[in-house]
Amino acid sequence: MPTFIVVRYGQQKKTINSKRKIDILEFQTSNPNMGFRALADKFSVSKTQIANIIANEDALYKTRAENGEEKRKWTKLQKTETSVIDNEVSNWFSKLREKNLPVLVLRYI
């Protein structure tokens, strides 16, 4: 039976939601002498992310003013042409796994 090894290069990206970005901006405003590296270490993000947040400060505040503080409301996914195919593939996969047959799932980006 073949063995597969998964290798990750570099660190995983951390996504930052808009509230966290505003928190970073407010902290930076109250501590103007703190550098990007210190901010990045404090909030556990990269220096590039800190630089981009500070560079886009006006756009972030504008978006916050337009959308408010509410959490994002998730909408229900609409059925598409491929949803029938997705269901069939899911059923096929389940049947194979019930029979204990090996299935290799490849994901592409």
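Residues numbered from 1 in each chain as written. Predicted model: local features only at pLDDT ≥ 70, side-chain atom pairs only at ≥ 80, totals over all residues. Heavy atoms only, no water.

Per an unreviewed UniProt entry, the protein goes by HTH psq-type domain-containing protein and derives from Macrosiphum euphorbiae.

J.: Talk me through the side chain of Q28; I want residue IDs and the actual numbers.
T.: If you trace the backbone, Q28 turns up in helix α1 (residues 18–30). Judged by relative accessible area, Q28 falls into the buried class, the value being 18%. Leave out the neighbours within four places in its chain, and Q28 touches L39 and I54. (Helix = DSSP H or I, 4+ residues; strand = E, 2+ residues; numbered from the N terminus. Buried < 20%, exposed > 50% of the residue type's maximum accessible area, 1.4 Å probe, protein only. Contact = heavy atoms within 4.5 Å.)

J.: Which residues make up the confidence of the model for the protein, and what values do they have?
T.: Across the protein, the average pLDDT comes to 77, with 71% of residues at or above 70. The model gives residues 3–7 a pLDDT under 50, and that stretch makes one contact with residues more than four places away or in other chains. (pLDDT = per-residue confidence, 0-100.)

J.: Any details on the pattern of salt bridges? Residues and values, ideally.
T.: In this structure the tally under the stated criterion is two salt bridges. The shortest N-O distance in the salt bridge between K19 and D23 comes to 3.6 Å. Taken together, the positions of K19 and D23, both in helix α1 and four residues apart, correspond to about one turn of that helix. The closest approach of N and O atoms between E26 and R64, which form a salt bridge, is 3.5 Å. Of this pair, E26 sits in helix α1 while R64 sits in helix α4 (residues 57–67), and the two are 38 residues apart along the sequence. Owing to a relative accessible area of 38%, E26 belongs among the partly exposed residues under this scheme. Look at R64 and you get partly exposed, because its relative accessible area is 30%. (Salt bridge = Lys/Arg side-chain N within 4 Å of Asp/Glu carboxyl O.)

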